[in-house]
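Chain by chain, the residues run as shown.
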Amino acid sequence: MFEYNYKLLAHFNKMANELMNNRIKNISEEEWNNKFTGYYKSVHELCSHIYISDFNWLKRYMSLREFKTLDIKIFESDYNFTEVIFANINEYVTLRTELDNIIIYFINEIAEKDLEKIVKYKNSKGLGFEKRMDGLLIHLFNHETHHRAMISLYLEMMGKANDYNNVLPFVYKNNMK
């Protein structure tokens, strides 16, 4: 069950991001930075937040044990959760695709026994926490879905197609394809 659930979420996450990014690639830089009334004011800000959050969660997971997938140069960087990164849409899409692939490889590297382990980390305010890995992985995927929905709303407000957040196509009768 472990393999199915987390791999399902990882593959859905990657595909939903690809579908969303295909829509984002077709908006102008002005629309990418268009200001809305949400906490994150633009598609650009939301994409930065999702990327930085995933990036920082992957770095936190490194405290469990050594993961070959996460032992790469990209994780030498540090990002603050409120930063707005990416010079343009193309840079975002390239780095998002790379990070989604890392998430897939990471999920494939996790052992079932890792899920019960405790991840010790500090949040962006420096407060320490200890939480189980299985719940934190669910949080990673749920967080992305939440913010993709916000991007969907912003795209809808701009009159852009945005139906990309459906998990049903990824639920199989048998094992993952």
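The rules behind each value
Residues numbered from 1 in each chain as written. Predicted model: local features only at pLDDT ≥ 70, side-chain atom pairs only at ≥ 80, totals over all residues. Heavy atoms only, no water. Helix = DSSP H or I, 4+ residues; strand = E, 2+ residues; numbered from the N terminus. Buried < 20%, exposed > 50% of the residue type's maximum accessible area, 1.4 Å probe, protein only. Polar contact = N/O pair within 3.5 Å; in protein donor to acceptor, adjacent residues only side chain to side chain. Contact = heavy atoms within 4.5 Å. Phe/Tyr/Trp six-rings, centres within 6.5 Å; stacked < 30°, edge-to-face > 60°. Pairing = 2+ DSSP bridges. Salt bridge = Lys/Arg side-chain N within 4 Å of Asp/Glu carboxyl O. Core = buried A, V, L, I, M, F, W, Y, C linked by side-chain atoms within 4.5 Å.

1. A few points about the side chain of Asn 162
Residue position: Asn 162 is located in the segment after α5 (133-157). Residue Asn 162 is classed as buried on the basis of its relative accessible area of 15%. For Asn 162, the side chain forms a polar contact with the side chain of Ser 152, separated by 2.7 Å. Within the local environment of Asn 162, its side chain forms a polar contact with the backbone oxygen of Lys 160, the two atoms lying 3.0 Å apart. Among residues more than four places away in sequence, those in contact with Asn 162 are Arg 23, Ser 152, Leu 155 and Glu 156.

2. Here's the deal with the packing of aromatic side chains
Summed over all chains, the structure comprises 14 aromatic pairs. Taken together, a centroid distance of 4.8 Å and an interplanar angle of 80° make the contact between Tyr 39 and Tyr 40 edge-to-face. Judged by relative accessible area, which is 14%, Tyr 40 ranks as buried. Site record: aromatic cluster; members linked through ring pairs are Trp 32, Tyr 51, Phe 55, Phe 75, Tyr 79, Phe 86 and Tyr 92.

3. Quick notes on the pairing of strand β1 (residues 118-122)
Where burial is concerned, the two faces of β1 differ: the one with Val 119 and Tyr 121 is buried and the one with Ile 118, Lys 120 and Lys 122 is not. Taken together, the five bridges between β1 and strand β2 (residues 128-132) define a ladder with antiparallel strand orientation. If you follow Val 119 over to β2, its bridge partner there is Lys 131.

4. Considering the pattern of salt bridges
A side chain of one charge can pair with a side chain of the opposite charge if their charged atoms are brought near each other. Throughout the structure, instances matching the rule amount to 12 salt bridges. Of the charged contacts in the structure, one is a salt bridge between Lys 59 and Asp 78, with a shortest N-O distance of 2.7 Å. Of the two residues, Lys 59 sits in helix α3 (residues 43-61) while Asp 78 sits in the loop between α3 and α4 (89-109), which places them 19 residues apart along the sequence. On the basis of relative accessible area, Asp 78 is assigned to the exposed category, the value being 63%. The salt bridge involving Arg 148 is made with Glu 144; its shortest N-O contact spans 3.0 Å. Within this pair, Arg 148 and its partner Glu 144 are both found in helix α5, separated by four residues, close to a single helical turn. Just as Arg 148 is buried, Glu 144 falls in that class too. The network of salt bridges with shared partners includes Asp 54, Arg 96, Asp 100, Glu 144 and Arg 148.

5. Examining the nonpolar core
Ranked by internal contacts, the top residues of the largest apolar core, which has 50 residues, are Ile 24, Tyr 61, Phe 106 and Ile 151. Sorting the residues of this core by element identifies α1 (2-24), α3, α4, β1 and α5 as the ones contributing at least two each. Beyond its immediate chain neighbours, meaning those up to four positions away, Phe 106 contacts Leu 58, Tyr 61, Phe 67, Thr 69, Leu 70, Met 133 and Leu 137.

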